[in-house]
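# Report on the structure
Below, each chain spelled out in residue letters.
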Amino acid sequence: MKNTHFFGQPIFSQILSLIDRSLVSKVKSKHQSDRYYKCFDTWQHLVTMLYCSFSGASSLRELSTGLLAWQNRLVHIGMPKAPRRSTISDGNMRRPSEVFKDFYMALFEKYRSVLPDSRLKMDVLKKLFIVDSTVISLFKDILKVAGRPRKDGRSKGGIKAHVMIHAAELMPCLVRLTEGSKHDHTFLKHLNLPEGSYLVMDKGYTDYHQYAQWTERGIYFITRMKNNAIFESLEEFDLPEHKDQEILKDETVTVQYKTGTEKLPLKLRRIAYWDEKNQKTLVFMTNNLEIEASTVAAIYKYRWQIELLFKRLKQNFPLKYFLGDNQNAIEIQIWCALISLLLMEVIRKQLKRNWAFSNMVAMARFHLASYVHLINFLNNPDKELQENLLKANQTVLFPT
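Our subject in this report is the structure included herewith. Here the residue index of a chain counts from 1 through its sequence in written order. For a predicted model such as this one, the threshold for reporting local features is a pLDDT of at least 70, and the threshold for listing and counting side-chain atom pairs is 80 or more; totals across whole chains, interfaces and linings nevertheless cover every residue. The side-chain quantities take in all heavy atoms of the structure and omit both hydrogens and water.

### Section: the packing of aromatic side chains
- Here the aromatic set is Phe, Tyr and Trp, taking the six-membered ring for Trp, and pairing holds for ring centres within 6.5 Å; pairs whose planes are under 30 degrees apart are stacked, those over 60 apart are edge-to-face, and all others are tilted. This structure, assessed with the given rule, holds 15 aromatic pairs.
- Taken together, a centroid distance of 6.0 Å and an interplanar angle of 75 degrees make the contact between Tyr51 and Trp70 edge-to-face. One end of the pair, Tyr51, is in helix α3 (residues 42-55); the other, Trp70, is in the loop between α4 (60-68) and α5 (71-74), and 19 residues separate them in sequence.
- Tyr51 sits in the buried class, given a relative accessible area of 9%.
- Taking the centre distance of 5.1 Å and the plane angle of 40 degrees together, the rings of Tyr198 and Tyr220 count as tilted. On the criterion of sequence distance, the pair formed by Tyr198 in strand β4 (residues 198-200) and Tyr220 in strand β5 (residues 220-224) is long-range, its members being 22 residues apart.
- Of the residues examined, Tyr220 reaches a relative accessible area of 28% and is grouped as partly exposed.
- What links up through ring pairs into an aromatic cluster is the set Phe12, Tyr51, Phe54, Trp70 and Phe317.
- Our definition puts a charge over a ring when NZ of Lys or CZ of Arg is within 6 Å of the ring centre and also within 35 degrees of the ring normal. In this structure, Arg21 packs its charged tip against the face of Trp43, placed 4.1 Å from the ring centre. Runs of E in the DSSP output that reach at least two residues are strands. Runs of H or I that reach at least four are helices, and both are numbered from the N terminus. Only protein chains enter the calculation, and the probe is 1.4 Å; a residue is then buried if its accessible area is under 20% of its type maximum, exposed if over 50%, and partly exposed in between.

So this is what it looks like as structure tokens:
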């Protein structure tokens, strides 16, 4: 009986097969990214950096040595030989990080139809976008990190990833990389949301002028109100007696925002909510005056999904050690980590077995060089390993 688990390509090659080579050609042509390279073309660079993400290599030496061990297999994935450390370093410095950004966005567009979360219950979540940022610390002062300068005069750099995800897909649909000191609210001007959308974010994004523009365009937002916010109460709504006991107050208020030299009022809704789990009061702010107060609280709670995304990225594709000490090299590594995250999420959606994401990535990482069918293997790894062991023993006992 034929074993359907064995496969003609190692697991790493099967992961790479999710990347359409015609897509690579389009991005390469757009940026002319192979124009000044005799060797180490764009595809080889992408493969090298994805291997870095999946293998967990923390230095150029580890990366080049790891690829050297793959020397006999590289030709099958479009690499004639393993690149040298200096070659990788030069590529990371000179090939624009925008190339890898476009790779991620093109792959996201290709696979976004398989990403939707079937567990969504509220119709509003299908129109919901979540915004947040995460800072990746750097050992060198390449980019200015957020926060106050240290008293001892020492400093390290930081790069901030500003991210927007769609609640139904839970993968970044918009990413901007800036120095760590860049204020969060500057990211809002880059958003291009359709009418009727909902946007949820924390209070670090407070920008009343931007809120007024969204209100005019029919875009709803939900955030938390700052403790020092100045507002005037207009009307307080009656609270239902037999449900939503966690809602303490529901009222409309006005805040002031500047447009030029003039101050204008903006009508918003203020909701005080008792968080039983953390034993504290949360105050939400929104420009939607129609939906129930409990729905506002539930939507804000869903904001935690972007925190889980950042956790997945940093735990499974560590961004602690960078292969270059320049901004371009750092951005390339971040984009390739995002590509790796997306590819593994696409694979997870094809599985019948319910894996914890970190366990699934670890399993793939440990067996990158194994010639097994990735999907079958992840659906039943115990059976696969037993069959591999049995076949290996038979090969030794009964050589052909």
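Here the narrative resumes.
### So, the packing of α3 against helix α11 (residues 327-349)
- A fitted line through C-alpha atoms serves as each axis, taken over the contacting stretch for helices, and the angle formed by two N-to-C directions is quoted from 0 to 180°. Between α3 and α11, the shortest axis-to-axis distance is 9 Å and the interhelical angle comes to 75 degrees. The angle between the axes of α3 and α11 places the two elements in the roughly perpendicular class. The residues of α11 that touch α3, namely those facing His45, Leu46, Met49, Leu50, Cys52, Ser53 and Phe54, are Ile332, Gln333, Cys336, Ala337, Ile339, Ser340 and Met344. By the definition adopted for this analysis, an angle is roughly parallel if under 35 degrees, roughly antiparallel if over 145, roughly perpendicular if from 65 to 115, and oblique otherwise. The contact definition used throughout considers only heavy atoms, calling two residues in contact when any of these lie within 4.5 Å.

### Re the packing of α3 against helix α7 (residues 97-111)
- At a closest axis distance of 12 Å, the pairing of α3 and α7 adopts a crossing angle of 75 degrees. Taken together, the axis directions place α3 and α7 in an arrangement best described as roughly perpendicular. In contact with Thr42, His45 and Leu46 of α3, α7 contributes Val99, Phe100 and Phe103.
- By the convention adopted, Pro, Cys, Tyr, Trp, Phe, Met, Ile, Leu, Val and Ala count as nonpolar, Lys, Arg, Asp and Glu as charged, and the other residues, Gly among them, as polar. Taken together, the residues of the contact of α3 with α7 sort by class into four nonpolar, two polar and no charged.

### Some thoughts on the sheet that holds strand β9 (residues 280-286)
- The rule for pairing is simple: two strands pair if DSSP sees at least two bridges between them. Strands sit in the order β3-β2-β1-β4-β5-β9-β8-β7-β6 across an open sheet of nine strands; the sheet is mixed. The open sheet is flanked by β3 (172-179) and β6 (232-236), the only strands paired with a single partner. Recorded for the sheet is a direction-independent mean angle of 25 degrees between the axes of neighbouring strands.
- In this structure, strand β1 (residues 128-137) lies alongside β4, joined through three bridges in parallel fashion. Bridge assignment links Ile130 to a residue of β4, and that residue is Val200.

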